[in-house]
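Below, each chain spelled out in residue letters.
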Amino acid sequence: MSLLSARAVPLLRVYCIGLGVILHQLRRRLRPRCPPAPVFPTQNGKVAIVTGGAKGIGYQTVKHLARLGMHVIIAGNSESEGQEAVRKIKEETLTGKVEFLYCDLASMKSIRQFVQQFRAKNCPLHVLVNNAGVMLVPERKTEDGFEEHFGLNYLGHFLLTNLLLDTLKQSGTHSHNARIITVSSATHYVGKLHLDDLQSRCSYSPHGAYAQSKLALVLFTYRLQHLLTANGSHVTANVVDPGVVNTELYKHVFWVVKMVKWMTAWLFFKKQSQDFRQPSRFYFLSCAEVHSTRTPEEGASTTIYAAVSPEMEGVGGCYLYNEERTKSADVTYDEELQRRLWTESCKMAGISDESSRVP
């Protein structure tokens, strides 16, 4: 495959799947009646960690969990952004149960230091939300020499989760399982896992690298749930797809694609206005209502559902989209691929592979 096609093919795949998601969101947004927002039970006494919780989807996740009474710890790589998020959430929710701890997922040393700090608090852990990530960044390496999409989006969360597993297992009970929620995306459907070149050294494509990291997160979640079940642990692991959300992640998306996104929303809006029996209803819709991307609050809804919904009690190994179980890419159910990725990840993260004793 030529260098041009090696970069163009992943780009086209990612934007095609993105366009499909945008169209689906538009149809959903313009339904005459939207279902009411779910009401979740209070979570007093529970503790959660949310990576990347200082902004975007993560911020909304932290805010909602705090409102439900959880003690939420924001894990992030910016002290100033983290403390500002804590201040705002405390003001908005009138709760003091939010704090920030520094954790750079692009540094294994930083991840281990974060876990040490958390353990020093001697508190349980009921919910871990692996939310942080980068998207379509230029080719660059993490502190440990890994390609950034793979190293931060996937491997950082792989290590963090494994280091916190003992605490999660101790915190979960038969009637109230601890929960691990990992944020992937629809781009995993077009991702290719290159076990012989996970760092994209042969030919770097930001689109291919991003899609691969999101695919790896789904494979990781399914393997993790298999291991948790085999060990009889009261911990569940699920993966969520937030949709296409209007956050800072999209700052590296081509300006042409941004224009297409707005044009798609406008054309769809125009058609619905002409076809609907009461066009005046659409005339008064605000720009936010017909925008083709979701707000961060909307994007966080499935994560929050996975974290606290009674319907998800004891349920693991699911891919969730719009608060519903959805089939992920066929390749994600390949158990041999799950095992091979897990084993390779353990080597890269420098942890023992205890899964070798589990079929």
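A short tour of the structure in this document, coming up. (Residues numbered from 1 in each chain as written. Predicted model: local features only at pLDDT ≥ 70, side-chain atom pairs only at ≥ 80, totals over all residues. Heavy atoms only, no water.)

Concerning the pattern of salt bridges
Okay, step 1: Within the structure shown, the criterion is met by nine salt bridges.
Okay, step 2: A salt bridge links glutamate 81 to lysine 55; the shortest N-O distance between them is 3.5 Å. Of the two residues, glutamate 81 sits in helix H3 (residues 79-93) while lysine 55 sits in the loop between strand S1 (47-51) and helix H2 (56-67), which places them 26 residues apart along the sequence.
Okay, step 3: Within the structure, one salt-bridge network assembled from shared partners comprises Glu84, Arg87 and Glu91. (Salt bridge = Lys/Arg side-chain N within 4 Å of Asp/Glu carboxyl O. Helix = DSSP H or I, 4+ residues; strand = E, 2+ residues; numbered from the N terminus.)

Some words on the environment of histidine 71
Okay, step 1: Here histidine 71 lies in strand S2 (residues 71-76).
Okay, step 2: Through-space distance from the C-alpha of histidine 71 to that of glutamine 43 is 8.8 Å; in sequence the pair is 28 residues apart.
Okay, step 3: With residues up to four places along the chain from it excluded, the contact list for histidine 71 reads Lys46, Val47, Ala48, Lys97 and Glu99.
Okay, step 4: A polar contact of 2.7 Å, which involves the side chain of histidine 71, links it to the side chain of glutamate 99. (Contact = heavy atoms within 4.5 Å. Polar contact = N/O pair within 3.5 Å; in protein donor to acceptor, adjacent residues only side chain to side chain.)

Remarks on the pairing of S1
Okay, step 1: Among the five residues of S1, five are classified as buried, and the element is accordingly described as predominantly covered.
Okay, step 2: As paired elements, S1 and S2 share five bridges and run parallel to each other. Residue valine 47 lies in a different strand from S2, and its bridge partner there is histidine 71.
Okay, step 3: Once the chain exits S1 it traverses H2 before rejoining the sheet at S2, and the crossover so formed is right-handed. (Buried < 20%, exposed > 50% of the residue type's maximum accessible area, 1.4 Å probe, protein only. Pairing = 2+ DSSP bridges. Right-handed = clockwise from strand over helix to strand, strands pointing away.)

Considerations on the sheet that holds strand S5 (residues 178-183)
Okay, step 1: Across the sheet, which stays open at both edges, the eight strands sit in the order S3-S2-S1-S4-S5-S6-S7-S8 with mixed pairing between neighbours. The open sheet has two edge strands, strand S3 (98-102) and strand S8 (324-326), and neither has a second partner. Direction aside, the axes of adjacent strands within the sheet are offset by 25° on average.
Okay, step 2: As defined by bridge partners, S2 adjoins S3 across five bridges and the pair is classed as parallel. Pairing of glycine 76 across the sheet is with tyrosine 102, part of S3.
Okay, step 3: Across the sheet, H3 is in contact with S2 and S3; its angle to S3 comes to roughly 175°.
Okay, step 4: Sheet strands touched by helix H5 (residues 148-171): S1, strand S4 (127-130), S5 and strand S6 (235-241). Its angle to S4, the strand with the most contacts, is close to 175°. (Axes fitted to C-alpha atoms, helices over the stretch in contact; angles between N-to-C directions.)

Considering the packing of aromatic side chains
Two descriptors summarise a pair of aromatic rings, namely the distance from one centre to the other and the angle between the planes of the rings.
Okay, step 1: All chains considered together, the criterion is met by eight aromatic pairs.
Okay, step 2: Pairing tyrosine 222 with tyrosine 333 gives two aromatic rings, centres 5.3 Å apart and planes at 20°, and the pair type is stacked. Of this pair, tyrosine 222 sits in helix H6 (residues 206-230) while tyrosine 333 sits in the loop between S8 and helix H12 (335-349); the two residues are 111 residues apart in sequence, bridging distant segments of the chain.
Okay, step 3: Assessed through its relative accessible area of 8%, tyrosine 222 is described here as buried.
Okay, step 4: Overall, tyrosine 333 belongs to the partly exposed group, its relative accessible area being 40%.
Okay, step 5: The cationic tip of lysine 88 hangs over the ring face of tyrosine 59; the distance from NZ or CZ to the ring centre is 5.2 Å. (Phe/Tyr/Trp six-rings, centres within 6.5 Å; stacked < 30°, edge-to-face > 60°. Lys NZ or Arg CZ within 6 Å of the ring centre and 35° of its normal.)

Some points on the side chain of glutamine 43
Okay, step 1: Within the secondary structure layout, glutamine 43 lies in the loop between helix H1 (3-29) and S1.
Okay, step 2: A polar side-chain atom of glutamine 43 sits 3.0 Å from the main-chain carbonyl oxygen of proline 41.
Okay, step 3: Not counting chain neighbours up to four residues away, the residues in contact with glutamine 43 comprise Leu68, Gly69, Met70 and Val308.

Quick notes on H5
Okay, step 1: Look at H5: 32 Å from first C-alpha to last across 24 residues, which is about the 34 Å you get at 1.5 Å a residue.
Okay, step 2: Approximately 50° is the largest bend angle found in H5, and it occurs at leucine 165.
Okay, step 3: Burial analysis of H5 places 20 of its 24 residues in the buried class, which makes it a mostly covered element. (Expected span 1.5 Å × (residues − 1). Bend = angle between axes of the 7 residues up to and from the residue.)

A look at the packing of H5 against H12
Okay, step 1: Contact pair H5 / H12: the axes reach a minimum separation of 10 Å and the direction vectors enclose 85°. Regarding the angle of H5 to H12, the classification is roughly perpendicular. Contact residues: H5 offers Phe150, Tyr154, Leu155, Phe158, Leu159 and Asn162, while H12 offers Leu341, Trp342, Ser345, Cys346, Met348 and Ala349.
Okay, step 2: Here the contact of H5 with H12 is composed, by residue class, of 10 nonpolar, two polar and no charged. (Parallel < 35°, antiparallel > 145°, perpendicular 65-115°, else oblique. Nonpolar A, V, L, I, M, F, W, Y, C, P; charged D, E, K, R; others polar.)

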